[in-house]
Amino acid sequence: MITSTRNPQVKNLLQLQKKSKVRNEEQVFIVEGLRMFMEVPQDQVKKVYVSESLYNKKKEELHLERFPVEVLADKVFQHVSDTKTPQGILCVVKQRKYEIEDLISKENPHFIVLDNLQDPGNLGTIVRTAEGAGVTAVFMSSDCVDIYNPKVIRSTMGAIFRVPFVIADSLPEVIFQLKQNGVSVYAGHLKGDVFYKQDYRDGSAFLIGNEGNGLTDEITALADHKIKIPMKGKVESLNAAVSATILMYETMRQREFM
């Protein structure tokens, strides 16, 4: 059992929690909590860390014999946890890579494309909603908030393991590839047409921009159509995750109920 916060493994866990550079160098990320632990595909689990009290209570129930396990003294686990009320279990999980060519070649795809999204809760909610709405994949620019940020991971509620995603070095190149494959690209924009006038039953991709500034002019110019969600009152726009949700479910509605 690890009883010191100076233990090298404990120090490494803290680095993985806080620094995307370390996560990417080691090609892993941290998943914390009982529900999230149960969601992780077994072949992606690298190591499991359990608090002493949880280990004594639920060792057999959690079937921990399936994994490499380290037990941490309760105070040590609390030290490495990223939550205010730790549940006593976290694991180091291998990152999974998806190839854009495999995703854009799927029949009648439905994509969400994110440009410089910065809020962890927004990104996690979009990934979670993408699973519910049957989205093919999520593409994001390299300057988006790190998808492996612990807050993003928690917000996905397990969808991170089931929704394919690609972090693009060049978002314009991704959009070009989409259009070359017959996918219609829609930019969320205040000067666009009302979104429900469009037909999304064929391959479609929706561009969602930064929370404060929206899409860049460069990315907007690459879209086939500009669309907007109509607003009443003095509201100019909706939260990025809410906007993405409306567009995802309108696409599902058209494809399944029209």
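Scroll up a little and you will see the structure.
Residues numbered from 1 in each chain as written. Predicted model: local features only at pLDDT ≥ 70, side-chain atom pairs only at ≥ 80, totals over all residues. Heavy atoms only, no water.

Peer 1: Whenever I open this one, a nonpolar patch on the surface confuses me. Can you help?
Peer 2: On the surface, Val235, Leu238 and Val242 cluster together into a nonpolar patch covering about 210 Å² of accessible area. Relative to the assigned elements, Leu238 resides in the loop between β10 (225-228) and α11 (240-257). (Patch = residues over 30% accessible without salt bridge, like charges linked within 9 Å, V, L, I, M, F, W, Y side chains within 5 Å. Areas by Shrake-Rupley, 256 points an atom, 1.4 Å probe, with all protein chains shown as cover. Salt bridge = Lys/Arg side-chain N within 4 Å of Asp/Glu carboxyl O. Helix = DSSP H or I, 4+ residues; strand = E, 2+ residues; numbered from the N terminus.)

Peer 1: Is there a simple way to think about the packing of helix α7 (residues 120-132) against α11 in this case?
Peer 2: With their axes 9 Å apart at the nearest point, α7 and α11 run at an angle of 10° to one another. With respect to α11, the axis of α7 lies roughly parallel. Of the residues in α11, those touching α7 at Asn122, Thr125, Ile126, Thr129, Ala130 and Gly132 are Ala240, Ala241, Ala244, Thr245, Met248, Tyr249 and Met252. Looking at the contact of α7 with α11, its residues break down into eight nonpolar, five polar and no charged. (Axes fitted to C-alpha atoms, helices over the stretch in contact; angles between N-to-C directions. Parallel < 35°, antiparallel > 145°, perpendicular 65-115°, else oblique. Contact = heavy atoms within 4.5 Å. Nonpolar A, V, L, I, M, F, W, Y, C, P; charged D, E, K, R; others polar.)

Peer 1: Please clarify how the environment of Phe206 should be interpreted in this entry.
Peer 2: Assignment of secondary structure puts Phe206 in strand β9 (residues 204-208). The exposure class assigned to Phe206 is buried, which follows from its relative accessible area of 0%. Sequence spacing of Phe206 and Val185 is 21 residues, and the spatial spacing of their C-alpha atoms is 6.0 Å. (Buried < 20%, exposed > 50% of the residue type's maximum accessible area, 1.4 Å probe, protein only.)

Peer 1: Help me out: how do you make sense of the nonpolar core in this one?
Peer 2: A general trend in soluble globular proteins is that nonpolar side chains are found buried together. Counting residues in each nonpolar core, the largest one holds 49 residues, and the members touching the most others are Val31, Val48, Ile112, Leu114, Leu123 and Ile147. A total of five residues in this core trace back to one element, the largest contributor, which is α11. If near-sequence neighbours (up to four positions away) are discounted, Ile147 is found in contact with Leu123, Val127, Met140, Val152, Ile153, Ile160, Phe165 and Ile167. Ile104, Leu171, Leu178 and Val183 belong to the second-largest nonpolar core, a separate cluster that totals 21 residues. (Core = buried A, V, L, I, M, F, W, Y, C linked by side-chain atoms within 4.5 Å.)

Peer 1: Help me understand the pattern of salt bridges in this model?
Peer 2: It is possible for side chains bearing opposite charge to pair when their charged atoms get close. Evaluation of the coordinates by the stated rule reveals nine salt bridges. Salt-bridge contacts for Glu70 lead to Lys47; the nearest nitrogen and oxygen are separated by 3.3 Å. Pair noted here: Glu70 is in strand β3 (residues 69-72) and Lys47 is in strand β2 (residues 45-51), with a separation of 23 residues, a long-range link. Classification of Lys47 by relative accessible area gives partly exposed; the value is 23%. With a closest N to O distance of 2.8 Å, Arg201 and Asp199 form a salt bridge. A residue is classified by how much of its surface remains accessible, and Asp199, at 40% relative accessible area, is partly exposed. Through salt bridges with shared partners, one network takes in Glu39, Glu131 and Arg162.

Peer 1: What should I look at first to understand the sheet that holds β10 in this one?
Peer 2: Note on sheets: strands pair through backbone hydrogen bonds, and any given pair is parallel or antiparallel. The strand order β7-β6-β5-β9-β8-β10 describes an open sheet built from six strands, whose pairing is parallel. Edge positions in the sheet fall to β7 (165-168) and β10, since each of these pairs with one other strand and no more. When the angles between neighbouring strand axes are averaged without regard to direction, this sheet yields 30°. Two strands pair when backbone bridges link them, and strand β6 (residues 137-141) and β7 are joined in this way by four bridges, in the parallel orientation. Following the sheet pairing, Phe139 is matched in β7 by Val166. Contacts between α11 and the sheet are confined to β5 (110-114), β9 and β10, with β9 contributing the most and set at about 170° to the helix. (Pairing = 2+ DSSP bridges.)

Peer 1: I'm lost on α11 in this one. Help?
Peer 2: Every α-helix winds through 3.6 residues per turn, so residues three or four apart in the chain are directed the same way. For α11, with 18 residues, the first-to-last C-alpha span of 25 Å sits near the 26 Å given by 1.5 Å per residue. Taken together, the buried positions of α11 are Ala240, Ala241, Ser243, Ala244, Leu247, Met248, Glu250, Thr251, Met252 and Gln254. Here the buried face of α11 lies against β5, α7, β9 and β10. In this structure Asn239 caps α11, since a side-chain oxygen of it lies 2.7 Å from the backbone nitrogen of Ala241. (Expected span 1.5 Å × (residues − 1). Polar contact = N/O pair within 3.5 Å; in protein donor to acceptor, adjacent residues only side chain to side chain.)

Peer 1: I'm lost on the sheet that holds β2 in this one. Help?
Peer 2: Judged by pairing direction, the sheet is mixed, and its four strands sit side by side in the order β1-β4-β2-β3 without closing on themselves. At either end of the open sheet lies a strand with only one pairing partner, and these are β1 (28-32) and β3. Between one strand axis and the next, the sheet turns by 20° as a mean value, whatever way the strands run. Here β2 runs beside strand β4 (residues 89-94); their pairing, made up of five bridges, is antiparallel.

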